[in-house]
Amino acid sequence: MAIDLTQPGPRPAFGGDTAVGTTCTQIRVPAWSRVTLFADGAVYVFNGVDDGAAVPGPTARKALSADQAAQGYPLQVGGRVAGATYATLCVAAQADTVAVEVVVEHSDVRS
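What comes next is a walk through the structure. (Residues numbered from 1 in each chain as written. Predicted model: local features only at pLDDT ≥ 70, side-chain atom pairs only at ≥ 80, totals over all residues. Heavy atoms only, no water.)

Considerations on the nonpolar core
Point 1. In this structure, I27, V29, V43, V100 and V102 are the most contacted members of the largest nonpolar core, which totals 23 residues.
Point 2. Only strand 2 (13-20), strand 3 (25-29), strand 4 (33-39), strand 5 (43-46), strand 8 (87-93) and strand 9 (98-107) provide two or more residues apiece to this core.
Point 3. Among residues more than four places away in sequence, those in contact with V100 are I3, G15, G16, D17, V20, L37, F38, A39 and V91.
Point 4. C24, Y44, F46 and A92 belong to the second-largest nonpolar core, a separate cluster that totals six residues. (Core = buried A, V, L, I, M, F, W, Y, C linked by side-chain atoms within 4.5 Å. Buried < 20%, exposed > 50% of the residue type's maximum accessible area, 1.4 Å probe, protein only. Helix = DSSP H or I, 4+ residues; strand = E, 2+ residues; numbered from the N terminus. Contact = heavy atoms within 4.5 Å.)

Notes on the sheet that holds strand 5
Point 1. In space, the five strands of this open sheet follow the order 1-3-8-5-6, with mixed pairing throughout. With partners counted over all chains shown, the strands left at the sheet margins are strand 1 (3-4) and strand 6 (62-64), one partner each.
Point 2. Pairing between strand 1 and strand 3: two bridges, direction parallel. Across the sheet, the residue bridging to I3 is I27, located in strand 3. (Pairing = 2+ DSSP bridges.)

In structure tokens form, the structure reads like this:
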């Protein structure tokens, strides 16, 4: 199930999911956002995959150890998904399930 942080309002905005599995959990944020991703276990971070889809191969994902994920992984998310008002990134557990928290620190609205 996607984590949706696209709602307007003050920043930072917080959201998460306590049961991210080994398929894509899509994270939807305003386009041009600066986000930090936290997790309590090892995860993959990637993009271009639908919610619930399989994790792409090693050249199309970033693997974070449990320690790296616990410290927070900062990302700058680019433009909008075609036909949508938001941008996306994806996260998946490397094994079992993990709890994920996402912080949208800044949104730079562009046309």
